[in-house]
Amino acid sequence: MIDTHMHADARSGEDFEQMYLAGIDCAITCSYYPYKIPQDIVLLNHLNRILELDTKRASEQGLDLKVALGIHPTNSNVNPEKIFESLYEWIETEQIVAIGEIGLEDLTDNEVSIFKQQLDIADETNSKVIIHTPRKNKSEVLKVILDIIPEHISEKQAVIDHINPKVIGDVIDCDCMLGLTVQPQKMDKFEAISILDEYGFDKFLLNSDISNKPSDPLSVPKTVRELTRQGYGKGEIEKVSHKNAQKFFNL
Ligand SMILES: [Zn+2]
């Protein structure tokens, strides 16, 4: 299995071990700094830590940790230039599999500007992007995101994440991949399965988004096992357990 969105910097080696033992071979960890950023260097340190330290901590437990880096919308109060310089380097040296997570949270001018610039970098470097949608005002923010994406990048290069039953109807017709985050307080495995049941398995990626907030490191295996228990076809299950992610991120 592949967990397509997590925050390894906020989690323990014990979590990585549990995930690996439950059948997760590979996970993608995304950038998100949950504290104040007093100086720009703090965010750059966060990104380098993910790349250099967290990948090593995960691999010690058997977990192959891939990396997506970028400026999370809630971290948009930085001068982005230094980060963008590094982004180009990480893409060039193939140290990251996507730019992410990026997106919008409160729709501030700063957020919108940094989001658009990162989409342009992805377009220029032919990179994939992982796009965050917020817990509050999800539907409103999602509409803005859906307007912005095609002005900057092919929808085929983007995954829009944290999609739930309330907003699925707004995004199902776009060409983006869609992320289903199975997480306490966000969406349970049965809601995720109801979406797959209605819309098919081709467009979706599963993830836990484990972070410093209430999280379940095993939410992907639990959802996959529930699909098996309910008798869904092996070929369909494999799409959301790993095949869609392998294909989209070239893993
Ligand atoms: Zn996240």
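Keep in mind it's a predicted model, so treat the numbers as computed, not measured.

Draft legend 1. How the structure looks around the layout of surface pockets. In this model, the largest pocket occupies a volume close to 300 Å³. Lining the largest pocket are 15 residues, and of these Ile96, Val97, Asn126, Ser127 and Phe249 sit closest to its centre. Classifying every residue of the lining of the largest pocket by side-chain character gives seven nonpolar, five polar and three charged. Approximately 210 Å³ is the volume attributed to the second largest pocket. In this structure, the second largest pocket is lined by 15 residues; those nearest its centre are Tyr32, His72, His132, Arg135 and Lys213. Broken down by class, the residue content of the lining of the second largest pocket amounts to two nonpolar, seven polar and six charged.

Draft legend 2. A look at the environment of Leu47. Here Leu47 shows up in helix α2 (residues 40-59). Sequence separation of Leu47 and Glu105 is 58 residues, and the distance between their C-alpha atoms is 20 Å. Contacts of Leu47, omitting those with residues within four sequence positions, involve Ser31, Leu69, Gly70, Ile83 and Trp90.

Draft legend 3. Structural view of α2. Relative to the 28 Å expected for 20 residues at 1.5 Å per residue, α2 spans 29 Å between its end C-alpha atoms, a close match to the ideal helical length. The sharpest bend along α2 measures roughly 35° and falls at Ile50. All of the buried residues along α2 are Leu43, Leu44, His46, Leu47, Ile50, Leu51, Asp54, Thr55 and Ala58. Contact partners of the buried residues in α2: α1 (13-21), β2 (26-30), β3 (64-69) and α3 (81-92).

Draft legend 4. The arrangement of the pattern of salt bridges in detail. All chains considered together, the criterion is met by 14 salt bridges. For Lys234, the salt bridge identified is with Glu238, shortest N-O distance 3.9 Å. Here Lys234 and its partner Glu238 are both found in helix α9 (residues 234-249), four residues apart, which amounts to about one turn of the helix. A relative accessible area of 64% means that Lys234 is categorised as exposed. Owing to a relative accessible area of 22%, Glu238 belongs among the partly exposed residues under this scheme. A salt bridge links Lys239 to Glu236, with the nearest nitrogen and oxygen atoms 2.9 Å apart. Linking Lys239 with Glu236, this pair stays in helix α9, spanning three residues, or about one helical turn.

Draft legend 5. How the structure looks around the packing of aromatic side chains. All told, the structure shown has three aromatic pairs when counted by the stated rule. Measuring from centroid to centroid gives 5.3 Å for Tyr33 and Tyr35, while their planes differ by 80°, and the two rings are edge-to-face. Ring centres 4.8 Å apart and planes at 85° place the aromatic pair Phe248 and Phe249 in the edge-to-face group. No difference in accessibility class separates Phe248 from Phe249, as the two residues are buried.

About the criteria used
- Here, residues in each chain are numbered from 1, in the same order as that chain's written sequence.
- Reporting of local features is limited, given that this is a predicted model, to residues whose pLDDT is at least 70; pairs of side-chain atoms are given and counted only at 80 or more, and all residues count toward the totals for whole chains, interfaces and linings.
- Side-chain measures were taken over the full set of non-hydrogen atoms in the model, leaving aside hydrogen atoms and water.
- Method remark: on a 1 Å grid restricted to protein atoms, a set of points is classed as a cavity if a 1.4 Å probe fits but cannot get out and as a pocket if it is open with protein on both sides within 12 Å along at least five of seven lines; lining residues have an atom within 4 Å of a point.
- Grid points are joined across faces, edges and corners, and a volume is the space filled by probe spheres set on the points.
- Polar here means any residue other than Ala, Val, Leu, Ile, Met, Phe, Trp, Tyr, Cys and Pro, which are nonpolar, and Asp, Glu, Lys and Arg, which are charged; Gly is therefore polar.
- Put simply, DSSP marks the helices as runs of H or I at least four residues long and the strands as runs of E at least two long, and each gets a number from the N terminus on.
- Note on definitions: a residue-residue contact is assigned when non-hydrogen atoms from the two residues lie within 4.5 Å.
- A helix is expected to reach a length of 1.5 Å times the quantity of its residues less one.
- A residue's bend is simply the angle between two axes: one fitted to the seven residues ending at it, one to the seven starting at it.
- For every residue, the accessible area (1.4 Å probe, protein chains only) is compared with the maximum for its type, and the residue is labelled buried under 20%, exposed over 50%, or partly exposed between those bounds.
- Whenever Lys or Arg places a side-chain nitrogen within 4 Å of a carboxyl oxygen from Asp or Glu, that contact is recorded as a salt bridge.
- Only Phe, Tyr and Trp rings are paired, with Trp represented by its six-membered ring, and only when their centres lie within 6.5 Å; those with planes under 30 degrees apart are stacked, over 60 edge-to-face, the remainder tilted.

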